[in-house]
Amino acid sequence: EFYPGIIYTHQVVLSTEQAVRVGIDLMLGGSKLQHAQVTFTPDELDKDLSSVHDMPLKVVAGESFTLKCFLVDQFRNGMVGLEPVIRLEPEDKADAGTVLKVAGKDQGKGVYSLSFKATKGSASFHLSVRVGGAVIQRATLNVSAAVARAVKSEIEGAAECRVHFPFFLQVMLRDEWGNVCPQDASQLSVRLSGCSLRDQDATVSADRAGGYTVTFLPRASGEVRYTVLVRGEVLADRAVTVRSLASWTKEDAAEWVQTLAHMEVQIKVLARALAQEFIRQNVTGAKIAGGLLDRGALHFAFGIEDMDAAERLAGIIADLIKGAQAPAFYIPWSWATPGKPQKMVEVQAGEMAHTLVMERMKSSIPSVAIVSIYRVEDEALFGRFFEHRQRVGFSRASNSNERYLWYGSDQGKNYDGILQKGFVSSINTTPTERQGLGRGFYFA
């Protein structure tokens, strides 16, 4: 019931949990008094109900990856228009700027598709997905380095070296973001020229620091040019001066003598004393080049009583003068069949090798009954081992870190296969149930 002149006010209260747009007609009886469009916007972002999907566990540095965010309020209404404030950030502030946003798209109804790329390599990169100041989700990524790039990689090496001493280069491969790349020696190649060296004379080996050591042994003086390439890109193209034998100081000569210790048991006993004599008697490279250290000199002036050892040592020292024509390696003095194909030779009681093997075996198994001992004589195989052992010895102050291992097999079942192919797991016939750590060879 209405009265003229009086203003009547009515309050209409609407409530909904849906973020929707609705049309409202205000009716008086059968007449429409007012029509309005009302938009119900979402409430504030609810970080606990919002979620992140498709977050990868492992990515490659510099490569884009995509994830999806579903952003809702407390009533699960999708939040729109938030793409500009969605970020993926490192937990550690020191890593700020190492995750880049590549693209973002608001797909409607609170769904967002976003692309990022991480530039820092890490096995456990801790990140958080943020919307404004709210953290929606935390995640840990394994970010592996991208492919190595020469422009970002590092190489260190001296400008000169000594003839008959190995030359070392230290290489660290990095991707375009500066991350250390996983070790894969196939990414490195080396070209050599000068001093009678060839490309195949360079050896690339992985080191414990995550990098590589490039080694080559010049056996003639002059200039060596080396080119180190990373996946075909030039990392370094340099020349190194190789000092002649005549330039050796007495310290150089003594150091070289000590590297002979790993060649033969007999030399090992003599090398340290001989190196000390080289220092005391001022034996320089010039004296060696002059041919003054023959068998007689080593016997009478340097105290090597065993004339056979003195003669063999004198021969090795004389080979220094031959330069690149000197032997690349020396087979053991005790070998019975030098120059022949692989052969098994029985080691006779009384030989030094027989005594050493007996002592080592009995120290491990005191009750063992040794029936016979055989030596594998394979010149090609030993040559590869000799060169590797020599490089290790030079890099470790004449300590080649050589160790002896025992391998046992029922009635010698695997020995023929080992001699032909090496320790290849496919030739191991030991039953699987007896291989506690999986298929392979077990050493003691």
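Residues numbered from 1 in each chain as written. Predicted model: local features only at pLDDT ≥ 70, side-chain atom pairs only at ≥ 80, totals over all residues. Heavy atoms only, no water.

Quick look at the overall build of the chain
Part 1 of the argument: The helix and strand inventory of the chain stands at 8 helices and 20 strands.
Part 2 of the argument: Relative to the 2.2 N^0.38 estimate, which gives 22 Å for 444 residues, the radius of gyration of the chain is 38 Å and therefore markedly larger than a compact globule would have.
Part 3 of the argument: Principal axes of the C-alpha set define a box for the chain whose edges measure 140 × 55 × 35 Å.
Part 4 of the argument: Residue burial in the chain is summarised as follows: out of 444 residues, 36% are buried.
Part 5 of the argument: In the chain, of all internal contacts separated by at least 6 residues, the share reaching a separation of at least 24 is 60%.
Part 6 of the argument: On the chain, roughly 26000 Å² of surface is accessible, and the fraction owed to carbon and sulfur atoms is 51%.
Part 7 of the argument: Between the centroid of the 49 positive side chains of the chain and the centroid of its 50 negative side chains there is a distance of 2 Å. (Helix = DSSP H or I, 4+ residues; strand = E, 2+ residues; numbered from the N terminus. Rg over C-alpha atoms; globule rule 2.2 N^0.38 Å. Buried < 20%, exposed > 50% of the residue type's maximum accessible area, 1.4 Å probe, protein only. Contact = heavy atoms within 4.5 Å. Areas by Shrake-Rupley, 256 points an atom, 1.4 Å probe, with all protein chains shown as cover. Lys, Arg positive; Asp, Glu negative; His and termini not counted. Charge placed at Lys NZ, Arg CZ, Asp CG, Glu CD.)

Considering a nonpolar patch on the surface
Part 1 of the argument: On the surface, Val12, Leu26, Leu28 and Leu33 cluster together into a nonpolar patch covering about 380 Å² of accessible area.
Part 2 of the argument: The class for Leu28 is partly exposed, based on a relative accessible area of 47%. (Patch = residues over 30% accessible without salt bridge, like charges linked within 9 Å, V, L, I, M, F, W, Y side chains within 5 Å. Salt bridge = Lys/Arg side-chain N within 4 Å of Asp/Glu carboxyl O.)

Regarding the pattern of salt bridges
Part 1 of the argument: Scanning all chains against the criterion turns up 21 salt bridges.
Part 2 of the argument: One salt bridge in this structure joins Glu91 and Arg138, with 3.2 Å as the shortest N-O distance. You can see Glu91 sitting in the loop between β6 (86-90) and β7 (99-108) and its partner Arg138 sitting in strand β10 (residues 134-144), a full 47 residues away along the chain.
Part 3 of the argument: When its relative accessible area of 53% is taken as the criterion, Arg138 is described as exposed.

As for the pairing of strand β1 (residues 21-28)
Part 1 of the argument: Where β1 and strand β2 (residues 31-39) come together, 8 bridges link them in antiparallel fashion. Each residue of the ladder has a partner; that of Gly23, found in β2, is Gln37.
Part 2 of the argument: Hairpin connection, β1 to β2: the antiparallel pair is bridged by 2 residues, and Gly29 has positive phi, about 65 degrees. (Pairing = 2+ DSSP bridges.)

Description of the packing of aromatic side chains
Part 1 of the argument: Tallied over the full model, the rule gives 11 aromatic pairs.
Part 2 of the argument: On the basis of an interplanar angle of 45 degrees and a centroid distance of 6.2 Å, the ring pair of Trp248 and Trp256 is categorised as tilted.
Part 3 of the argument: Members of the aromatic cluster, each reached through a chain of ring pairs, are Phe329, Trp335, Phe382, Phe385 and Phe386.
Part 4 of the argument: Over the aromatic face of Phe165 sits the side chain of Arg162, whose NZ or CZ is 3.7 Å from the ring centroid.
Part 5 of the argument: Stacked on the ring of Tyr404, the Lys or Arg Arg360 has its end atom at 3.7 Å from the ring centre. (Phe/Tyr/Trp six-rings, centres within 6.5 Å; stacked < 30°, edge-to-face > 60°. Lys NZ or Arg CZ within 6 Å of the ring centre and 35° of its normal.)

A few points about the sheet that holds strand β5 (residues 65-70)
Part 1 of the argument: One open sheet accounts for 4 strands, arranged β3-β5-β8-β7; its pairing is antiparallel. At either end of the open sheet lies a strand with only one pairing partner, and these are β3 (51-53) and β7. Across this sheet, the average inter-strand angle for adjacent strands is 25 degrees, counted without regard to direction. (Axes fitted to C-alpha atoms, helices over the stretch in contact; angles between N-to-C directions.)

Thoughts on the nonpolar core
Part 1 of the argument: Tyr226, Trp248, Trp256, Phe278, Ile288 and Leu298 are the most contacted members of the largest nonpolar core, which totals 63 residues.
Part 2 of the argument: It is helix α5 (residues 307-322) that contributes the most residues to this core, 7 residues altogether.
Part 3 of the argument: Apart from residues lying up to four places away in sequence, Phe278 is in contact with Lys250, Ala253, Ala254, Val257, Val283, Ile288, Leu293, Phe302 and Ile317.
Part 4 of the argument: Listed in part, the 25 residues of the second largest apolar core include Leu67, Leu71, Val129 and Leu141. (Core = buried A, V, L, I, M, F, W, Y, C linked by side-chain atoms within 4.5 Å.)

Quick word on unusual backbone geometry
Part 1 of the argument: The phi torsion at His164 lies on the positive side, around 70 degrees, for a residue other than glycine.
Part 2 of the argument: By the element assignment, His164 lies in the loop between β12 (160-162) and β13 (167-172).
Part 3 of the argument: Positive phi, normally seen in glycine, also occurs at Asn282, with a value near 55 degrees.
Part 4 of the argument: Here Asn282 shows up in the loop between α2 (265-280) and α3 (285-289).

As for the side chain of Asn179
Part 1 of the argument: Note on placement: Asn179 falls in the loop between β13 and β14 (188-193).
Part 2 of the argument: By relative accessible area, which is 10% here, Asn179 ends up buried.
Part 3 of the argument: From its side chain, Asn179 meets the backbone nitrogen of Gly121 in a polar contact 2.6 Å long.
Part 4 of the argument: Beyond its immediate stretch of four places on either side in the chain, Asn179 contacts Ala61, Thr119, Lys120, Gly121, Ala145, Leu173 and Arg174. (Polar contact = N/O pair within 3.5 Å; in protein donor to acceptor, adjacent residues only side chain to side chain.)

Brief notes about the sheet that holds strand β18 (residues 233-243)
Part 1 of the argument: Read across the open sheet, the 4 strands follow the order β12-β18-β17-β14; overall the sheet is mixed. Each edge of the open sheet is held by one strand with a lone partner, namely β12 and β14. In this sheet, adjacent strand axes meet at a mean angle of 30 degrees when their direction is disregarded.
Part 2 of the argument: Bridging between β14 and strand β17 (residues 222-230) involves 6 bridges; their strand directions are antiparallel. Across the sheet, residue Leu192 finds its bridge partner in β17, namely Tyr226.

A look at the state of the cysteines
Part 1 of the argument: Tallied over the full model, the rule gives 0 disulfides.
Part 2 of the argument: Sulfur of Cys195: no disulfide; nearest cysteine sulfur belongs to Cys161 and is 7.8 Å away. (Disulfide = S-S within 2.5 Å.)

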